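Survey of secondary and tertiary structure
Listed here are the chains, written in short residue letters.
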Amino acid sequence: GYTHIQVDARNIWSSPLDLVSYMKDMPITPYSIENPFNKLNHEMLIELSNIQPSRIVLNESILTTHNTDIFKANSKNFIVNLRICRLGGLLRTLNMMQHAKKLGFDIIIGANMGETDLSLKVSRLAALTAGNSLVCQEGAFDIYMLNTEMYKLSLSNEMVGETGTPKIGKDHQLQYITRIS
């Protein structure tokens, strides 16, 4: 087996070149990048997919089958993340999955943190339907994370600035659990 490491870029980048410049200093090349730009910025996602080797996870940018059509020319550069709750239920998710598979996309069956047990069970059904197109299924840590304190750093008064925002410097490292698919 092997491990794919996915980076969640948290919608903070303003241009593909800025993100690529930052990634050059990373010790590894991530398998995929999720949420690099504000949602529905299709042109920048396509540009990013053409100038660096990591695959781009289409998450908030995929709401309808029309959205997948925009990326079909480069489907191997992208992975479609289908979240049942975001897409409006299992039937709409299965429809989107069928369309995405027809266009040659790989699939992630997504699950937001804190989703119900029922939602996770339904996502397993969708994952089975994805077949060989499935590259990842989210939600494996859901129960673990609900019962575990994710952050090992407690903020003390001297670590909080005047605005109430945390001051995390080189002496205070924030450790957290990341998703590895």
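Note: the structure precedes this text.
These remarks concern the structure in this document. All residue numbers refer to position in the chain's written sequence, counted from 1. In view of the model being predicted, local features appear only for residues whose pLDDT reaches at least 70, and side-chain atom pairs are presented and counted only at 80 or more, with totals across whole chains, interfaces and linings using the full set of residues. The basis for the side-chain values is all heavy atoms of the structure; hydrogens and waters are excluded.

Observations regarding the overall build of the protein chain
Our working definition: For helices the rule is a DSSP run of H or I covering at least 4 residues; for strands it is a run of E covering at least 2, with both sets numbered from the N terminus onward. For every residue, the accessible area obtained with a 1.4 Å probe (protein chains only) is divided by the maximum for its type, and the residue is called buried under 20%, exposed over 50%, and partly exposed between those limits. Contacts between residues were defined by any pair of non-hydrogen atoms, one from each residue, lying within 4.5 Å. All accessible areas in this document rest on Shrake-Rupley with a 1.4 Å probe, and a residue is counted as covered only by the protein chains that are shown.
When helices and strands are tallied, the protein chain shows seven helices and six strands. Along the protein chain, helices and strands appear, N-terminal first, in the series β-α-β-α-β-α-β-α-α-β-α-β-α. Of all 181 residues assigned to the protein chain, the portion counted as buried reaches 38%. If you take every contact in the protein chain between residues at least 6 apart in sequence, the share linking residues at least 24 apart comes to 64%. Accessible surface computed for the protein chain: about 10,900 Å², of which carbon and sulfur atoms make up 53%.

Let's talk about the sheet that holds strand S3 (residues 55-58)
Applied cut-off: Strands are treated as partners if at least two bridges between them are detected by DSSP. Every angle, taken between N-to-C directions, lies between 0 and 180 degrees, and every axis is a line fitted to C-alpha atoms, over only the stretch in contact when it is a helix.
The strand order S1-S2-S3-S4-S5-S6 describes an open sheet built from six strands, whose pairing is parallel. A single partner strand is all that each edge strand has here, and the edge strands are strand S1 (6-8) and strand S6 (134-137). Within this sheet the neighbouring strands show an average axis-to-axis angle of 25°, counted without direction. Of the pairings in the sheet, the one linking S1 to strand S2 (residues 32-34) comprises three bridges and is parallel in character.

Concerning empty space enclosed by the protein
Going by this rule: Using only the protein atoms, space was sampled on a 1 Å grid; points where a 1.4 Å probe fits but cannot get out form cavities, open sets with protein on both sides within 12 Å along at least five of seven lines form pockets, and lining residues are those with an atom within 4 Å of a point. Grid points are joined across faces, edges and corners, and a volume is the space filled by probe spheres set on the points. In the scheme used here, Gly and all other residues not listed as nonpolar or charged are polar, with Ala, Val, Leu, Ile, Met, Phe, Trp, Tyr, Cys and Pro taken as nonpolar and Asp, Glu, Lys and Arg as charged.
Taken as a whole, this structure holds two cavities of 30 Å³ or more when the rule is applied. As a volume, the largest cavity reaches approximately 60 Å³. Here the residues of the lining of the largest cavity sort into four nonpolar, five polar and two charged.

Focus on the packing of aromatic side chains
For any pair of aromatic rings, the description rests on two quantities: the centre-to-centre distance and the angle between the ring planes. Here is the rule: Put simply, two rings from Phe, Tyr or Trp (the six-membered ring, in Trp's case) pair if the centres are within 6.5 Å, and we call them stacked under 30 degrees between planes, edge-to-face over 60, tilted for the rest.
Applying the stated criterion to the full structure yields two aromatic pairs. Aromatic side chains Trp-13 and Tyr-22 sit 5.2 Å apart centroid to centroid with 45° between the ring planes, which places their arrangement in the tilted category.

A look at the packing of helix H1 (residues 16-23) against helix H2 (residues 42-51)
The following threshold applies: Note on convention: near helix rotated counterclockwise from far helix by under a right angle means a left-handed crossing. Clockwise means right-handed.
Remark: H1 packs on H2, axes separated minimally by 9 Å, with the N-to-C direction vectors making an angle of 35°. Judged by the sense of rotation from one axis to the other, the crossing of H1 with H2 is right-handed. Only Met-44, Glu-47, Leu-48 and Ile-51 of H2 make contact with H1, whose side of the interface consists of Pro-16, Leu-17, Leu-19 and Val-20. Grouping the amino acids of the contact of H1 with H2 by side-chain chemistry returns seven nonpolar, no polar and one charged.

Here's the deal with helix H5 (residues 90-102)
Threshold: By this rule the span expected of a helix is its residue count minus one, scaled by 1.5 Å.
Spanning 13 residues, H5 covers 18 Å between terminal C-alpha atoms, matching the ideal 18 Å at 1.5 Å per step. Looking one or two residues beyond H5, the residue adopting positive phi is Gly-104, at roughly 95°.

Quick notes on the pattern of salt bridges
Formally: Should a side-chain nitrogen of Lys or Arg be within 4 Å of a carboxyl oxygen of Asp or Glu, the pair is scored as a salt bridge.
Following the criterion strictly, the structure yields four salt bridges and no others. Close ionic contact of Asp-8 with Arg-10 constitutes a salt bridge, the shortest N to O distance being 2.9 Å. Residue Arg-10 is classed as exposed on the basis of its relative accessible area of 58%. A salt bridge links Arg-83 to Glu-34; the nearest nitrogen and oxygen atoms lie 3.8 Å apart. Highlighted residues: Arg-83 in strand S4 (residues 78-83) and Glu-34 in strand S2, separated in sequence by 49 residues. Here the salt bridges do not stand alone but share partners, grouping Glu-34, Arg-83 and Glu-138 into one network.

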